[in-house]
Amino acid sequence: MQRIAVFCGASKGSDPLLHEAACGLGKALAARGIGVVYGGGHVGLMGLVADAALSNGGEVIGVIPGFMVEKELAHSGLTDLIVVHDMHERKMRMHERSDAVIALPGGFGTMDELFELLTWRQLGLHAKPIGLLNVNGFYSPLLEQIARMERDGFLHGPTRVRASANVDELLDGLMGEVVRVGPTGADR
């Protein structure tokens, strides 16, 4: 696994555990030699992930729409900053440069990114593992909703989402899925 796309808030949120988790994820990815592909901002949880990875020698690629650069939200110290036209192109570029996805807590933007990649995977457009860093139970209601959608017959195919509150446990699980899943989503 070379790079992981990280979706998370442009806000830091109100829970200090989120700050620790974001920094812990950036540090853990750098320690494992896994690059970060993220939204390109210097603010919020996304800035904390990027700064932690960079300060621990990691590669960090930011993908940011031009209108966000104009609002001075772009991180200036990244390994690479890719400026794109719009939010849709941002998701596509992040997807193209990553081998897996991790979502930390966030708002509508984080949910949009997460659900688009989940939908693409369910449609067979990719087979990348997707994980949720479930800090302080943030994603527990969503996991219950996913289970409900499966029970009620609305989800089909590769709908698995790995979740853990522990960064290393989540990374180990995602790396295990990359080994077991081939390019079509079939077990090797």
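Analysis parameters
- Residues numbered from 1 in each chain as written.
- Predicted model: local features only at pLDDT ≥ 70, side-chain atom pairs only at ≥ 80, totals over all residues.
- Heavy atoms only, no water.
- Helix = DSSP H or I, 4+ residues; strand = E, 2+ residues; numbered from the N terminus.
- Rg over C-alpha atoms; globule rule 2.2 N^0.38 Å.
- Buried < 20%, exposed > 50% of the residue type's maximum accessible area, 1.4 Å probe, protein only.
- Patch = residues over 30% accessible without salt bridge, like charges linked within 9 Å, V, L, I, M, F, W, Y side chains within 5 Å.
- Areas by Shrake-Rupley, 256 points an atom, 1.4 Å probe, with all protein chains shown as cover.
- Salt bridge = Lys/Arg side-chain N within 4 Å of Asp/Glu carboxyl O.
- Expected span 1.5 Å × (residues − 1).
- Pairing = 2+ DSSP bridges.
- Right-handed = clockwise from strand over helix to strand, strands pointing away.
- Axes fitted to C-alpha atoms, helices over the stretch in contact; angles between N-to-C directions.
- Contact = heavy atoms within 4.5 Å.
- Core = buried A, V, L, I, M, F, W, Y, C linked by side-chain atoms within 4.5 Å.
- Parallel < 35°, antiparallel > 145°, perpendicular 65-115°, else oblique.
- Left-handed = near helix turned anticlockwise from the far one by under 90°.

### Side note on the overall build of the protein chain
And step 1. On a plain count of helices and strands, the protein chain comes out with seven helices and seven strands.
And step 2. Starting at the N terminus and walking to the C terminus, you meet the elements of the protein chain as β-α-β-α-β-α-β-α-β-α-β-α-β-α.
And step 3. The C-alpha radius of gyration computed for the protein chain amounts to 16 Å, which stays within 12% of the reference 16 Å derived for 188 residues, consistent with globular compactness.
And step 4. In terms of overall dimensions, the protein chain has a C-alpha envelope of 45 × 35 × 30 Å along the principal axes.
And step 5. Put simply, the protein chain has 188 residues, and 46% of those count as buried.

### What to know about a nonpolar patch on the surface
And step 1. On the surface, Val-69, Leu-81 and Val-83 cluster together into a nonpolar patch covering about 200 Å² of accessible area.
And step 2. Counting through the fold element by element, Val-69 comes out in helix H3 (residues 66-70).

### Digging into helix H2 (residues 44-55)
And step 1. With 12 residues, H2 extends 17 Å between its outermost C-alpha atoms, agreeing within 8% with the 16 Å of an ideal straight helix rising 1.5 Å per residue.
And step 2. Of all the 12 residues making up H2, nine are buried; the element is thus mostly covered by neighbouring parts of the structure.
And step 3. Once H2 finishes, Gly-57 follows within two positions and takes phi at roughly 80°, a positive value.

### Focus on the pairing of strand E3 (residues 60-65)
And step 1. With six of six residues buried, E3 is to be regarded as a mostly interior element.
And step 2. The side-chain alternation of E3 yields two buried faces, one formed by Val-60, Gly-62 and Ile-64 and the other by Ile-61, Val-63 and Pro-65.
And step 3. When strand E2 (residues 35-38) meets E3, the two strands line up parallel, connected through three bridges. Within E3, the residue paired with Tyr-38 across the bridge is Gly-62.
And step 4. A crossover connection joins E2 to the parallel E3 through H2; in handedness this β-α-β unit is right-handed.
And step 5. Where E3 and strand E4 (residues 80-84) come together, five bridges link them in parallel fashion. In the sheet register, Ile-61 faces E4, and the bridge partner there is Asp-80.

### A short note on the sheet that holds strand E1 (residues 3-7)
And step 1. If you trace the seven strands from one edge of the open sheet to the other, you get E4-E3-E2-E1-E5-E6-E7, paired in parallel fashion. Of all the strands in the sheet, just E4 and strand E7 (162-164) have a single pairing partner and so form its edges. Recorded for the sheet is a direction-independent mean angle of 20° between the axes of neighbouring strands.
And step 2. Where helix H1 (residues 16-31) meets the sheet, it contacts E1, E2, strand E5 (100-103) and strand E6 (130-133), and its direction lies at approximately 170° from that of E1.
And step 3. In the packing of helix H4 (residues 87-96) onto the sheet, the strands contacted are E1, E2, E3 and E4, and the crossing angle to E3 comes to about 160°.

### Comments concerning the nonpolar core
And step 1. By size, the foremost hydrophobic cluster in this structure holds 29 residues, and its most contacted members are Val-6, Ile-102 and Leu-104.
And step 2. Every element with two or more residues in this core is listed here: E1, H1, E2, H2, E5 and helix H7 (167-180).
And step 3. The residues contacting Leu-104, other than those within four sequence positions of it, are Val-6, Phe-7, Cys-8, Ala-21, Ala-22, Leu-25, Val-49, Thr-110, Leu-133 and Tyr-139.
And step 4. By size, the runner-up hydrophobic cluster in this structure holds 20 residues, among which are Ile-82, Val-101, Leu-117 and Leu-142.

### Details of unusual backbone geometry
Most peptide bonds take the trans form, and the phi angle of most residues other than glycine is negative.
And step 1. The backbone of Asn-136 sits at a positive phi, close to 55°, despite the residue not being glycine.
And step 2. By the element assignment, Asn-136 lies in the loop between E6 and helix H6 (140-151).

### Section: the environment of Ile-82
And step 1. Within the element layout of this structure, Ile-82 appears in strand E4.
And step 2. Sequence separation of Ile-82 and Met-94 is 12 residues, and the distance between their C-alpha atoms is 9.7 Å.

### Comments concerning the packing of H4 against helix H5 (residues 108-122)
And step 1. Relative orientation of the contacting elements H4 and H5 amounts to 60°, with a least axis distance of 11 Å. Regarding the angle of H4 to H5, the classification is oblique. In this structure, H4 meets H5 at a crossing whose hand is right-handed. Residues His-88, Arg-90, Lys-91, Met-92 and His-95 of H4 lie in contact with H5, whose contacting residues are Asp-112, Glu-113, Glu-116, Leu-117 and Trp-120.

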